[in-house]
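Now for the letters of each chain:
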Amino acid sequence: MAASLQMTRRIRRTPYTRRVEQAGVKDFTVVNHMLLPKSFQHTPEEDYWHLRNHVQLWDVSTQRQVQLEGPDAIRLAQWMTPRDLRPLKTGQCMYAPLVDENGGMVNDPVILRLADEKLWMSIADSDVLLWGKGLAAGSNFDVKVTEPDVSPLAVQGPQAGAVLSKVFGPSVTEIGFFRFKWFEFEGTNQLVARSGYSKQGGFEIYLNGSHLGERLWDAIWNAGEPYKIRAGCPNLAERIEAGLLSYGNEFTLENNPLECGLAQYCSLDNDIDSLAADALRTITEEGVERLMRGVLFDPPSDTHIAQPWPVLAGERQVGQVTSGTRSPRLERHVGLSMIDRGFWRAGQKVRVLDPNGCMHHGEISELPFK
């Protein structure tokens, strides 16, 4: 008998959970104390090709918003990230690693600037809200750190623009990448951003008001029926191919953004006031000991990697595959791994050890996979 997840008040349903269940969800996981759909009635490979060719509707309410509002909102946000936030204008989004004073990754949200003194951080799975509150209180910053009633819903795939044009009007397709605009929905103003956790293009609606959840879902679903819309979720093979990292899987507080391949988002030569600046400058001077890379390998079957698989060069373990699955496009297994210095060159021959003790030949790849 398979084990099940016992629901309590500590695990929150989302404004879309009932619709997700009606759409045939098979599995959930828990992110930020909320339910995140993980699979539906189709196979992962069927969902992969559907995402690349059509359009999917994803409940991503687990991307909780941490709202910073007040005269010191930007100052606090800059403390939390080594990325220079000065270019961030109202109406823009910016991917930014959140890093502590030791250089450890706390989270990697997308930051949205709603006004001069108001930001949202759309977070992955860690308690940024509590960290932000502690920093603000300990430093006497004039800023309120709260979680608003905002529940993102993603529309991903090449037909996403056509679908949302029927819901919000044709101007929705004019939104630039990592930009957002406000649109009317049932007498309310809703934020629509051109963003999402896939490389197939799409949008995220940051629904303000959970009572509107099922009505928004239904409006998008009805508009999408001519475009073969499906309920879906972030596709593991698609995200690994694209080199999209998952906090808690590929990296945690024990990792720094430089070894995660996020150096381009760390402005260490500027005069920004970031908690992480000194620690990251030291790491830069010394050089990173490992680096996030792709691993391309040939297992005997389509095995999902639930726990890390060791990566070996000769007899030495040089990393471990933290997320991996079969790529329908490449027709091999793809994985993500922190690889030791001296072994991360693309083409480096490695072996991957599965839980059954079998070795599988492979090689290191740059990210994204080509």
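Structure's up top.
Structure report, in brief. (Residues numbered from 1 in each chain as written. Predicted model: local features only at pLDDT ≥ 70, side-chain atom pairs only at ≥ 80, totals over all residues. Heavy atoms only, no water.)

Focus on the sheet that holds strand β16 (residues 290–297)
Right, so step 1: What the six strands build is a closed barrel, ordered β16-β19-β18-β17-β20-β21; its pairing is antiparallel. This sheet shows a mean twist of 40° between the axes of neighbouring strands, independent of strand direction. (Pairing = 2+ DSSP bridges. Helix = DSSP H or I, 4+ residues; strand = E, 2+ residues; numbered from the N terminus. Axes fitted to C-alpha atoms, helices over the stretch in contact; angles between N-to-C directions.)

Observations regarding the packing of helix α5 (residues 160–168) against helix α6 (residues 213–224)
Right, so step 1: For the pair α5 and α6, the least separation of the axes is 8 Å and the interaxial angle reads 125°. By the angle class used here, α5 and α6 are oblique. For the pair α5 and α6, the crossing hand works out as right-handed. Side by side, α5 and α6 meet where Val-163, Leu-164, Lys-166, Val-167 and Phe-168 of the first sit next to Leu-216, Ala-219, Ile-220, Ala-223 and Gly-224 of the second. (Parallel < 35°, antiparallel > 145°, perpendicular 65-115°, else oblique. Left-handed = near helix turned anticlockwise from the far one by under 90°. Contact = heavy atoms within 4.5 Å.)

Digging into the environment of Ala-77
Right, so step 1: Locating Ala-77 in the fold gives a position in helix α3 (residues 73–80).
Right, so step 2: Given a relative accessible area of 0%, Ala-77 falls into the buried group.
Right, so step 3: Here the alpha-carbon distance between Ala-77 and Ile-220, two residues 143 residues apart in the chain, equals 33 Å.
Right, so step 4: Each residue touching Ala-77, except ones within four places of it in the same chain, is listed here: Leu-68, Leu-85, Leu-119 and Met-121. (Buried < 20%, exposed > 50% of the residue type's maximum accessible area, 1.4 Å probe, protein only.)

Here we look at the environment of Pro-368
Right, so step 1: When you line up the elements, Pro-368 lands in the segment after β21 (359–365).
Right, so step 2: You can call Pro-368 partly exposed: its relative accessible area is 44%.
Right, so step 3: Put simply, Pro-368 and Arg-239 are 129 residues apart on the chain and 9.3 Å apart in space, counted from C-alpha to C-alpha.
Right, so step 4: If we ignore the near neighbours within four places in the chain, the residues touching Pro-368 are Glu-241, Ala-242 and Gly-243.

Some details on the packing of α3 against helix α4 (residues 128–138)
Right, so step 1: Two numbers describe how α3 lies on α4: the axes approach to 11 Å, and their chain directions differ by 115°. Put simply, α3 runs roughly perpendicular to α4. For α3 against α4, the interelement crossing comes out right-handed. In contact with Leu-76, Trp-79 and Met-80 of α3, α4 contributes Val-128, Trp-131, Gly-132, Leu-135 and Ala-136.
Right, so step 2: When grouped by side-chain class, the residues that make up the contact of α3 with α4 number seven nonpolar, one polar and no charged. (Nonpolar A, V, L, I, M, F, W, Y, C, P; charged D, E, K, R; others polar.)

Some remarks on the packing of aromatic side chains
Right, so step 1: Per the counting criterion, the structure on display carries 12 aromatic pairs.
Right, so step 2: For the pair Tyr-48 and Trp-49, a centre-to-centre distance of 5.0 Å together with 90° between the ring planes defines the contact as edge-to-face.
Right, so step 3: Judged by its relative accessible area of 0%, Tyr-48 falls in the buried class.
Right, so step 4: Exposure remark for Trp-49: the relative accessible area of 35% places this residue in the partly exposed category.
Right, so step 5: One aromatic cluster is present, formed by Tyr-16, Trp-217 and Trp-221 through successive ring pairs. (Phe/Tyr/Trp six-rings, centres within 6.5 Å; stacked < 30°, edge-to-face > 60°.)

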